[in-house]
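The primary structure of each chain is shown beneath.
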Amino acid sequence: RSEAVGVTEMITFADRMDHEAMYRFGCGVGVRFDAVERLLGEDRTASPTVGRPMHLLRPDNRYTEWALVGESCSDAVRDEVLGEIQALGIPFLAKYRSLEEVRSALSSEDPRLWFSLGPTERLERLASIEFIAGRRAEALDLLDRAISKERDSLPKRWVPLQRLRERLAGLPDGRASER
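Thresholds applied
- Along every chain, residues carry numbers that run from 1 in the direction the sequence is written.
- Restriction of local features to residues with pLDDT of at least 70 applies here, the model being predicted, together with a cutoff of 80 or more for giving and counting side-chain atom pairs; totals for whole chains, interfaces and linings are based on all residues.
- Hydrogens and waters are ignored; side-chain quantities use all the structure's heavy atoms.
- Pairing of aromatic rings covers Phe, Tyr and the six-membered ring of Trp, with a centre-to-centre limit of 6.5 Å; geometry is then stacked below 30 degrees between planes, edge-to-face above 60, and tilted otherwise.
- Secondary structure counts use DSSP, requiring at least four H or I residues in a row for a helix and at least two E residues in a row for a strand, with both numbered from the N terminus.
- Residue exposure (1.4 Å probe, protein chains only): buried if accessible area is under 20% of the type maximum, exposed if over 50%, otherwise partly exposed.
- Note on criteria: charge over ring means Lys NZ or Arg CZ within 6 Å of the ring centre, with the direction from the centre no more than 35 degrees off the ring normal.
- Pairing between two strands requires that DSSP report at least two bridges joining them.
- The way it works is a 1 Å grid over only the protein atoms, where trapped points that fit a 1.4 Å probe form a cavity and open points with protein on both sides within 12 Å along at least five of seven lines form a pocket, and then any residue with an atom within 4 Å of a point lines it.
- Grid points are joined across faces, edges and corners, and a volume is the space filled by probe spheres set on the points.
- Side-chain classes follow a simple rule in which Ala, Val, Leu, Ile, Met, Phe, Trp, Tyr, Cys and Pro form the nonpolar group, Asp, Glu, Lys and Arg form the charged group, and the remainder, Gly included, forms the polar group.

A.B. asks: Provide a residue-level description of the packing of aromatic side chains, including the pertinent values.
C.D. replies: This structure, assessed with the given rule, holds 6 aromatic pairs. Taking 4.9 Å as the distance between ring centres and 50° as the angle between the ring planes, the aromatic pair formed by phenylalanine 92 and tyrosine 96 counts as tilted. With phenylalanine 92 and tyrosine 96 both in helix H2 (residues 71-96) and 4 residues apart, this pair spans about one turn of that helix. Considered together, phenylalanine 92 and tyrosine 96 belong to a single accessibility category, that of buried residues. Aromatic rings pair up to connect Phe13, Tyr23, Phe25 and Trp66 into one cluster. In this arrangement the basic side chain of arginine 151 is found over the ring face of tryptophan 158, its NZ or CZ atom lying 4.2 Å from the centre.

Next up, the structure:
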């Protein structure tokens, strides 16, 4: 569902067949911001910009994978999944449909607030949000500091940041990414 243009709230499911040929699945929620995705330059049309698996929204972070066994079990599983989406997923979506709320979480030094993103993905999204908000200099400075810090580490830590920096430096201002 989406109330704002370019913002899509998503409920995602990951499924698998286990070694006993039982169908198992997990659930997650996320929000996609088209303007951020355009700046990231990735073909991730079905992926949220930020999100969380359902179990990380629980107070105890207890991992659950649901299994479908029979019709009666299916009704119980459906009710449990819908209950979790209502209790945990919908409040997450309501809070993080705002880029400013996402920016606030990604600005934290606490990795538990980074939507299950790694450090590089976090910085890519944070710099993109700064740029979109018209804070071009802050976005480029954020990337420059991170690239400088990570330059001697594995390329996967800094090359995506360098690519994003080059992309942003070539745009006139953050408002251009919204067109």
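A.B. asks: Can you tell me about the pairing of strand S1 (residues 7-17), naming the residues and giving the values?
C.D. replies: As defined by bridge partners, S1 adjoins strand S2 (residues 23-33) across 11 bridges and the pair is classed as antiparallel. Each residue of the ladder has a partner; that of aspartate 15, found in S2, is phenylalanine 25. Connecting the antiparallel pair S1 and S2 is a turn made up of 5 residues, with alanine 21 showing a positive phi of about 60°.

A.B. asks: Report on the layout of surface pockets, specifying residues and quantitative values.
C.D. replies: There is about 330 Å³ of room inside the largest pocket. Elements that contribute at least two residues to the lining of the largest pocket include exactly S1, S2 and strand S3 (50-53). Examining the composition of the lining of the largest pocket, we find that 5 residues originate from one element, S2, more than from any other. Here the lining of the largest pocket is built from residues that sort into 13 nonpolar, 9 polar and 5 charged. Roughly 280 Å³ of internal volume is contained in the second largest pocket.

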